[in-house]
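Here is what each chain is made of, one letter per residue.
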Amino acid sequence: TMMAATMAPTTATTTPARGLLLYMFERGHWTQTGALPPVIEATSTDDLSLAEIGGQWMLAVRTADRHIDIWRHDGSTWDKIADIAAASEVKRFELLELSGHGRLWITDDQQPGWMYMSERKWANPVALEVEGTAQGPFTAAVHSNLFRLIFTRDAKLLEQAYGADGKHEQQTTLDLPPLL
């Protein structure tokens, strides 16, 4: 498991003044594995999404209301590989692996969103469709080799599944428990 952390300024000359660091949790201990790209100025963890894709670490960073940069780590350095201008404001986004390829999901929470694909060089996103109407907020995950979008409709929790190409596969409905 990896996570990003903000490092506060110190007086030691061997420590950078500021920056985001990457840590790995193994065998019950956190170990620093390196720094994130120094140009990243994330103000919140909501501005970052980290995933291992095809054996390499990739990082999606929200840099403006409608803008996401994607970085790839080659084992020693970070390279910016994509610069995505979204069609609408980015409220939520997730970088995920599906079938060995990268998927970037972006939504404005008014509609299901768009899926960007690494094998398309992160261009030409697929607009995600749902059966019937959908109410945000939305969230996304990958499970059993399907991209899954979770949302609500009429006091029900719905899961919409998509194939690697972004095409609708199936929809599952669960009743939400009554609020206490």
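It should be noted that the structure appears before, not after, this text.
Residues numbered from 1 in each chain as written. Predicted model: local features only at pLDDT ≥ 70, side-chain atom pairs only at ≥ 80, totals over all residues. Heavy atoms only, no water.

## Here we look at the overall build of the protein chain
Okay, step 1: Across its full length, the protein chain carries zero helices and 15 strands.
Okay, step 2: Counted over contacts in the protein chain with a minimum sequence separation of 6, partners at least 24 positions apart contribute 30%.
Okay, step 3: Approximately 10,500 Å² of the protein chain is accessible, and the part contributed by carbon and sulfur atoms is 50%. (Helix = DSSP H or I, 4+ residues; strand = E, 2+ residues; numbered from the N terminus. Contact = heavy atoms within 4.5 Å. Areas by Shrake-Rupley, 256 points an atom, 1.4 Å probe, with all protein chains shown as cover.)

## Considering unusual backbone geometry
Okay, step 1: The residue Arg27 is not glycine, and still its phi comes out positive at about 50°.
Okay, step 2: Structurally, Arg27 can be placed in the loop between strand 2 (19-26) and strand 3 (29-35).
Okay, step 3: Of note, Ser99 is a non-glycine position whose phi angle comes to about 55°, a positive value.
Okay, step 4: By secondary structure assignment, the location of Ser99 is in the loop between strand 8 (92-98) and strand 9 (101-107).

## As for the sheet that holds strand 6 (residues 67-73)
Okay, step 1: On the basis of which strands lie adjacent, the open sheet formed by four strands has the order 4-5-6-7 and antiparallel pairing. Of all the strands in the sheet, just strand 4 (48-53) and strand 7 (78-85) have a single pairing partner and so form its edges. On average, adjacent strands in this sheet sit at an angle of 20° to one another, irrespective of strand direction.
Okay, step 2: Both strand 5 (residues 56-64) and strand 6 contribute to a ladder of six bridges, which runs antiparallel. (Pairing = 2+ DSSP bridges. Axes fitted to C-alpha atoms, helices over the stretch in contact; angles between N-to-C directions.)

## Section: the side chain of Asp108
Okay, step 1: Note that Asp108 resides in the loop between strand 9 and strand 10 (114-117).
Okay, step 2: Salt bridges are absent for the buried Asp108, whose nearest opposite-charge side chain, Arg66, sits at 7.8 Å.
Okay, step 3: A polar atom in the side chain of Asp108 sits 3.2 Å from the side chain of Ser88.
Okay, step 4: A distance of 3.1 Å separates the side chain of Asp108 from the side chain of Gln111, its partner in a polar contact. (Buried < 20%, exposed > 50% of the residue type's maximum accessible area, 1.4 Å probe, protein only. Lys, Arg positive; Asp, Glu negative; His and termini not counted. Salt bridge = Lys/Arg side-chain N within 4 Å of Asp/Glu carboxyl O. Polar contact = N/O pair within 3.5 Å; in protein donor to acceptor, adjacent residues only side chain to side chain.)

## Some remarks on the sheet that holds strand 11 (residues 126-127)
Okay, step 1: One open sheet accounts for four strands, arranged 8-9-10-11; its pairing is antiparallel. At either end of the open sheet lies a strand with only one pairing partner, and these are strand 8 and strand 11.
Okay, step 2: In this sheet, strand 11 lies alongside strand 10 in antiparallel orientation, the contact comprising two bridges. When the bridges of strand 11 are listed, Trp114 appears paired with Ala127.

## Focus on the pattern of salt bridges
Okay, step 1: For the coordinates displayed, the defined rule picks out six salt bridges.
Okay, step 2: Residue Asp109 is joined to Arg92 by a salt bridge in which the shortest nitrogen-to-oxygen separation is 2.8 Å. Linking Asp109 in the loop between strand 9 and strand 10 with Arg92 in strand 8, this pair joins segments that are 17 residues apart in sequence.
Okay, step 3: Owing to a relative accessible area of 35%, Arg92 belongs among the partly exposed residues under this scheme.

## A short note on the packing of aromatic side chains
Okay, step 1: The tally for this structure, following the rule as stated, stands at three aromatic pairs.
Okay, step 2: Between Phe25 and Trp30 the ring centres are 4.8 Å apart and the planes differ by 50°, which places this aromatic pair in the tilted class.
Okay, step 3: Residue Phe25 is classed as partly exposed on the basis of its relative accessible area of 35%.
Okay, step 4: Summarising the aromatic geometry, the rings of Phe147 and Tyr162 are spaced 5.9 Å apart at their centres and angled 55° between planes, so their arrangement reads as tilted. Residue Phe147 is located in strand 13 (residues 146-153), and its partner Tyr162 is located in strand 14 (residues 156-162); the two are separated by 15 residues in the primary sequence. No difference in accessibility class separates Phe147 from Tyr162, as the two residues are buried. (Phe/Tyr/Trp six-rings, centres within 6.5 Å; stacked < 30°, edge-to-face > 60°.)

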